[in-house]
Amino acid sequence: MTDIFGFDRQIDRGSLPGEKWGRYAGRDVLPLWVADMDFAAPPAVIGAVQARVAHGVFGYTQPWPSLVEAVVDAVERDHGWRIEPDWLVWLPGVVSGFNIACRAVGEPGDEVFTATPVYPPFLSAPANSERRLVSRPLELAGGRWGWNRAAVEEAIGPRTRLFMLCNPHNPVGRVFDRDELGWIADLAERRDLVICSDEIHCGLVLDDGLPHLPIAALDERVARRTITLMAPSKTWNIASLYCALAIIPDPALRRRFRDAMRGIVPHVNLLGLVACEAAYRDGGPWREALLEVLRANRARVAAAVADMPGLASVPPEATYLAWIDCRGAGLEHPAAFFEAGGVGLSDGAPFGAPGFVRLNFGCPPATLAEALARMQRALRGR
Ligand SMILES: Cc1ncc(COP(=O)(O)O)c(C=O)c1O
């Protein structure tokens, strides 16, 4: 395939302070940690942002009709879910969204459920709102991460009010299927839970046979109790433009969510909104090409990890993140060990799983090949 979007190009990010490569400035460490990619954003997005910057006036701005239309159309086109413009609440980030959800649901002292391992801000969000975190581990069975349904049912008590779901899942990479989502929806109905579903990775499904299903799209009953969080940031690699949205069909729940935001959550910045419209409306060809690159990188990671003594990983169904079990390798601190070997990975401990690391393969194949070779050398050189 010709690389028309430049996914093979190694762009120098080392000179940029304060970001992924900046952490290792002056050191020979390849950064495969924080969840952004080393690719330039789609030309359609860059062009839209450049045109808006060229205008030169950056006054207060509200989301506008063609932007809302681009989002509504994209959610239907990509996920088969027809949403109403009224259901949208614009946010400066998905992390803000699930923290607001914790504040908006229940009372201080109530419980929030989530499954581990998970993106670390899930684990700190309940305490930010004086809620208590209740968690149970996902389990690896038959080569696939999934739910221990009995353990989850047992963990949810009378004070549990919110179920925080991450789908597609960071870090295990699962795209939860209709049966799993149906069980969560039914559980929420039986126990009267609100679901906050973080679907930020929904544009990054790597397997055609496993479509992303927004849990709120299952039926109207679950839609009424669900806050769905989406953003263009992961798929189109525009994380620092900070633009996200909550989709909340139920007016009363939406009102509670907005009440919890009032006075403390800023409006989305103008360039984030501009990029969002361009990404959702015109970013399709770039996304398709990206997914090809990520599939090939996923296969490289799988092959390399299979050859690393004591390491194990299940290839993710979505995301550009590989979740690697290092417990068989006898490493006291796997992330520190690989960093000393020249590769910066995310430590599993903050995700609730010490002994694991997360590897970000959203980078040019040459960067990935060098990082995997360094990991292999580090393990062999012990
Ligand atoms: C599951 C998940 N949610 C949220 C975020 C971050 O969202 P935001 O930057 O919009 O706050 C990430 C980033 O890695 C993520 O993986």
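The chain has the name cysteine-S-conjugate beta-lyase in an unreviewed UniProt entry, where Pseudothauera rhizosphaerae is given as its organism. Listed in UniProt under the heading Cofactor (unreviewed entry), the comment for the chain reads: "pyridoxal 5'-phosphate". Word for word, the UniProt comment on the chain under Sequence similarities (unreviewed entry) is "Belongs to the class-II pyridoxal-phosphate-dependent aminotransferase family. MalY/PatB cystathionine beta-lyase subfamily."

Caption draft 1: Quick look at the side chain of Asp-198. Along the polypeptide, Asp-198 turns up in strand 8 (residues 194–198). One buried charged residue, Asp-198, forms no salt bridge at all, with the nearest opposite charge on Lys-234 at 8.8 Å. From its side chain, Asp-198 meets the backbone nitrogen of Ile-200 in a polar contact 3.0 Å long. Beyond its immediate sequence surroundings of up to four residues, Asp-198 is in contact with Val-94, Phe-98, Phe-122, Leu-165, Cys-166, Asn-167, Pro-168 and Leu-229.

Caption draft 2: Spotlight on the site of the ligand. All residues adjacent to the ligand are Ala-35, Gly-93, Val-94, Val-95, Tyr-119, Cys-166, Asn-170, Asp-198, Ile-200, His-201, Lys-234 and Tyr-242. Here His-201 contributes a side-chain N or O atom positioned 2.8 Å from an oxygen atom of the ligand. Starting from 400 Å² of accessible surface for the ligand in isolation, the protein chains cover 92%.

Caption draft 3: Layout of the packing of helix 10 (residues 284–306) against helix 12 (residues 365–380). In the contact formed by helix 10 and helix 12, the axes pass within 11 Å of each other and the chain directions differ by 10°. Judged by the inter-axis angle, helix 10 sits roughly parallel to helix 12. Residues Asn-297, Arg-300, Val-301 and Ala-304 of helix 10 form the contact with helix 12, whose own contacting residues are Pro-365, Leu-368, Leu-372 and Gln-376. Of the residues belonging to the contact of helix 10 with helix 12, the class tally is five nonpolar, two polar and one charged.

Caption draft 4: Structural context of the pairing of strand 4 (residues 132–137). Pairing of strand 3 (residues 111–116) with strand 4, which is carried by six bridges, proceeds in the parallel orientation. Looking at the pairing, Thr-116 lines up with Pro-137 of strand 4. Handedness of the crossover is the feature at issue here: the chain leaves strand 3, passes through helix 4 (residues 121–128), returns alongside strand 4, and the resulting connection is right-handed.

Caption draft 5: Inspection of the pattern of salt bridges at higher detail. Following the criterion strictly, the structure yields 36 salt bridges and no others. Note that Lys-20 is salt-bridged to Asp-36, the shortest N-O span being 3.8 Å. You can see Lys-20 sitting in the segment before strand 1 (30–31) and its partner Asp-36 sitting in the loop between strand 1 and helix 1 (43–55), a full 16 residues away along the chain. For Lys-20, a relative accessible area of 1% corresponds to the buried category. Asp-36 sits in the buried class, given a relative accessible area of 15%. The partner of Asp-259 in a salt bridge is Arg-262, with the nearest N and O atoms 3.0 Å apart.

Criteria and thresholds
Residues numbered from 1 in each chain as written. Predicted model: local features only at pLDDT ≥ 70, side-chain atom pairs only at ≥ 80, totals over all residues. Heavy atoms only, no water. UniProt positions renumbered as here; feature names shortened; annotations may be inferred. Helix = DSSP H or I, 4+ residues; strand = E, 2+ residues; numbered from the N terminus. Buried < 20%, exposed > 50% of the residue type's maximum accessible area, 1.4 Å probe, protein only. Lys, Arg positive; Asp, Glu negative; His and termini not counted. Salt bridge = Lys/Arg side-chain N within 4 Å of Asp/Glu carboxyl O. Polar contact = N/O pair within 3.5 Å; in protein donor to acceptor, adjacent residues only side chain to side chain. Contact = heavy atoms within 4.5 Å. Near = heavy atom within 4 Å. Areas by Shrake-Rupley, 256 points an atom, 1.4 Å probe, with all protein chains shown as cover. Axes fitted to C-alpha atoms, helices over the stretch in contact; angles between N-to-C directions. Parallel < 35°, antiparallel > 145°, perpendicular 65-115°, else oblique. Nonpolar A, V, L, I, M, F, W, Y, C, P; charged D, E, K, R; others polar. Pairing = 2+ DSSP bridges. Right-handed = clockwise from strand over helix to strand, strands pointing away.

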